Amino acid sequence: MSAVSLSSPAAALGTQSASIKASTASKTAPAPASSGVAAAVATATRFTASVPPAIAPSATGDTRFLHVTQYPASLEAVDVTYEALANLQTRNGQMQVWEQAPTTAVDQIIGRNASATTEKARFAGLGSALLEQVASTGASYRQTIVNVGAAYSPGKIQGKATDALWAIQSRPSASAELTIKTQSGATVRISIADQREPIGTGSGIAVQIDVEGDLTPQEKQALQSLAKGFDQAIESLTGEPPTLDLEGLSKFDTQLLGKVEFKTSLYGVDENGSRIQKLGVRYTADASNREIEIKTPQGTVAMKTDLRQSALWGTADQKAYAVQQYLGRIDKAAQRGNADADLVELFKSSFTAMNGSYGSAAGNRATTGLGPAQSVDLNRDAGAFSEEDQSLLTGLADFNASITATRRASNPRRLKEVDSFEYTLNQSTQVSGTSPGNRAVTQTQTARLLASFHQSLDGPSAKLKLTSDSATQNYYYKKVEDSSSTQVELAYEKDEPVRALVTQTASQSLQSLKVENNRITENTADPARQQSKQTDLLPLLKELKRQQEANALADDEKQKTLREWNGMVLGDWGTA
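Owing to the predicted nature of the structure, the values given are computational and were not obtained by experimental measurement.

Trainee: Can you help me understand the pairing of strand S20 (residues 519–536) in this one?
Mentor: When a strand is regular, its side chains alternate between the sheet's two faces. Here strand S19 (residues 496–516) pairs with S20 via 15 bridges, running antiparallel. Bridge pairing links Val515 to Ile520 in S20. Linking S19 back to S20 in an antiparallel pair, the connection comprises two residues, with Asn517 at a positive phi of about 50 degrees.

Given below as structure tokens:
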């Protein structure tokens, strides 16, 4: 495939220079003025990509977009020759067009990926290469490669390449964008647009780096540290099936980088052939919060994590245990509410990702040296809370999480029977006091499930296809409404425990409609089952402290007791 280099005087930015040389034989036909080729054919031009050459507007068209500097071998008939910019070969009547001369490491990766057939392979290594380039140069950059059918005149090349470039950026098959704001006030925006399908205008990849402001050497290093994480985030979401890996993007130095925002979209067609967004992800992170939203045709997943109370975070083991307990609850809710399996997996991977890599309350609490009257920040200072306190908390940062399925009227005979699924999880923590000796904390976990769905009379695993034909109208239609909460209240006065109360409530409700041959044969509603339980741990907490002070408690016995308390707080009590 022969290479055709294009430059965009309106927007092309970079740091490399390239020489454009052209010669014409006496038989050369003049290029159309609107093609933007005439100037290149008439003379040799030298330009630096970061300072785009000025091209006078054409009287018959806009010449800002492209500048052709090499033609495929099929155009030799018009006696136009150009200096080769890359060792590429013409293949299957296709030519390759570059926006500007491919001279950087990023260009090499783009050229390699442009022939891949999966989105994951087409994005492989590209995000990290772009971050490493901006970390190295601190400058803006732009490149596009398109594969189009070989044309037989300069004007047709110009038109085909222009159409392909615009199609990639306006209607990509996938796109990704990373925006980073530094603490010094600079902004770096990296965007990748891919058109994998060989549509009428051609396939290709477009990348762009925009830098606003000056980057310090330390900020450049901080950008480079995100390179691998950027790749991991893209590759996980472009996999089959898509998953979520945000750990690498979540670990950044908040003293240097103020905010990180990541977006990605995957597109396809529905059963009617209409273009749809198959997956859309938006993730933001700063020193105080993390937030993610995932949209698919099946529904929406959303979660926000509050990072302002680091003193309450547990150890890595405690957090991992808490996440596993929550994932188990999500699975049970999904089964009870007949949720879409792929959407649930995205919810679970989001919950795991959002509760990873934000650390723990650092330091050895037994040796912090904080006295009962010493003033501390109970929200952030390590050692503000004891091991006993931590065992009665989840160890996780506060969060709001939800999964909402797209509502569907799947039964054409009964359109009011809507299939739905909505599951929400929440944790909130209130802290009061000014010292470890006089402190109080209340942490509340809540969960709620609302679902309605059709189910085959032959069981949950049997397929159900409802049509207007009465013979297909054999099913259960069920409605579920569940909720649960766990609240922990802890308080100390003069370093003595005065309150340690765990209150748990739960409620379950199920309504079931049985339809046979389009006739309702059963309509049952289980009365709401409500449960409540309150556990006063104050006597046990006081006894635990007494035994510690008397050196009458072995450490393994203490840790066993604390694990039991933590299991009670995080256990699947009741429902939801």
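Having seen it, we continue.
Trainee: Help me out: how do you make sense of the pairing of strand S10 (residues 203–212) in this one?
Mentor: The element S10 is largely enclosed, with a buried count of seven among its 10 residues. Strand direction decides the pairing type here: strand S7 (residues 141–149) and S10, joined by seven bridges, are antiparallel. Counterpart to Val146 in the pairing with S10 is Gly204. Two elements, strand S9 (residues 187–195) and S10, share nine bridges in a ladder whose sense is antiparallel. Looking across to S10, one finds that Ser191 is bridged to Gln208.

Trainee: Looking at this structure, how should I read helix H4 (residues 126–137)?
Mentor: The periodicity of an α-helix, 3.6 residues per turn, causes residues three or four places apart in sequence to face the same way. Taking 1.5 Å of rise per residue, 12 residues should cover 16 Å, and H4 covers 17 Å from first to last C-alpha, within 8% of that figure. Within H4, nine of the 12 residues are buried, which leaves the element mostly enclosed by the surrounding structure. Residues of H4 that are buried include every one of Leu126, Gly127, Ser128, Ala129, Leu130, Leu131, Gln133, Val134 and Ala135, and no others. Directly after H4, the chain includes Gly138, whose backbone phi takes a positive value near 70 degrees.

Trainee: When you look at the pattern of salt bridges in this model, what are you seeing that I'm missing?
Mentor: Side chains carrying opposite charge are able to pair once their charged atoms draw close together. The tally for this structure, following the rule as stated, stands at 18 salt bridges. The salt bridge partner of Arg308 is Asp306, with a shortest N-O separation of 2.7 Å. Looking at Arg308, the relative accessible area reads 48%, which means it is partly exposed. Here Asp389 makes a salt bridge to Arg439, at a shortest N to O gap of 2.9 Å. With a gap of 50 residues between them, Asp389 in helix H11 (residues 387–391) and Arg439 in strand S17 (residues 438–456) connect regions that are remote in the sequence. Take Asp389 and Arg439: they sit in the same class, and that class is buried. What you see here is one network of salt bridges that share partners, running through Glu119, Arg196 and Glu197.

Trainee: I keep staring at helix H6 (residues 217–224) and nothing clicks. Help me out?
Mentor: Within H6, burial applies to Glu219, Ala222 and Leu223. Within H6, the buried residues cover an arc of 100 degrees as seen down the axis, which keeps them to one side. Residues of H6 that are exposed and point over 90 degrees away from its buried face: Pro217 and Gln221.

Trainee: Explain the environment of Ile192 to me, please; I cannot follow it from the model alone.
Mentor: Structurally, Ile192 is set in strand S9. Linking Ile192 and Ala174, residues 18 residues apart in sequence, is a C-alpha distance of 8.3 Å.

Trainee: Looking at this structure, how should I read the packing of aromatic side chains?
Mentor: Under the defined criterion, the tally for this structure stands at five aromatic pairs. For the pair Phe230 and Phe262, a centre-to-centre distance of 6.1 Å together with 85 degrees between the ring planes defines the contact as edge-to-face. One end of the pair, Phe230, is in helix H7 (residues 227–237); the other, Phe262, is in strand S11 (residues 257–269), and 32 residues separate them in sequence. For Phe230, a relative accessible area of 0% puts it in the buried group. Their ring planes at 40 degrees and their centres at 5.2 Å tell us that Tyr326 and Phe351 sit as a pair that is tilted. With Tyr326 in helix H9 (residues 316–337) and Phe351 in helix H10 (residues 341–354), the pair connects residues that are 25 residues apart, well separated along the chain. Accessibility expressed as a relative area gives 0% for Phe351, which makes it buried.

Conventions we followed
Residues numbered from 1 in each chain as written. Predicted model: local features only at pLDDT ≥ 70, side-chain atom pairs only at ≥ 80, totals over all residues. Heavy atoms only, no water. Pairing = 2+ DSSP bridges. Helix = DSSP H or I, 4+ residues; strand = E, 2+ residues; numbered from the N terminus. Buried < 20%, exposed > 50% of the residue type's maximum accessible area, 1.4 Å probe, protein only. Expected span 1.5 Å × (residues − 1). Salt bridge = Lys/Arg side-chain N within 4 Å of Asp/Glu carboxyl O. Arc of directions from axis to C-beta. Phe/Tyr/Trp six-rings, centres within 6.5 Å; stacked < 30°, edge-to-face > 60°.

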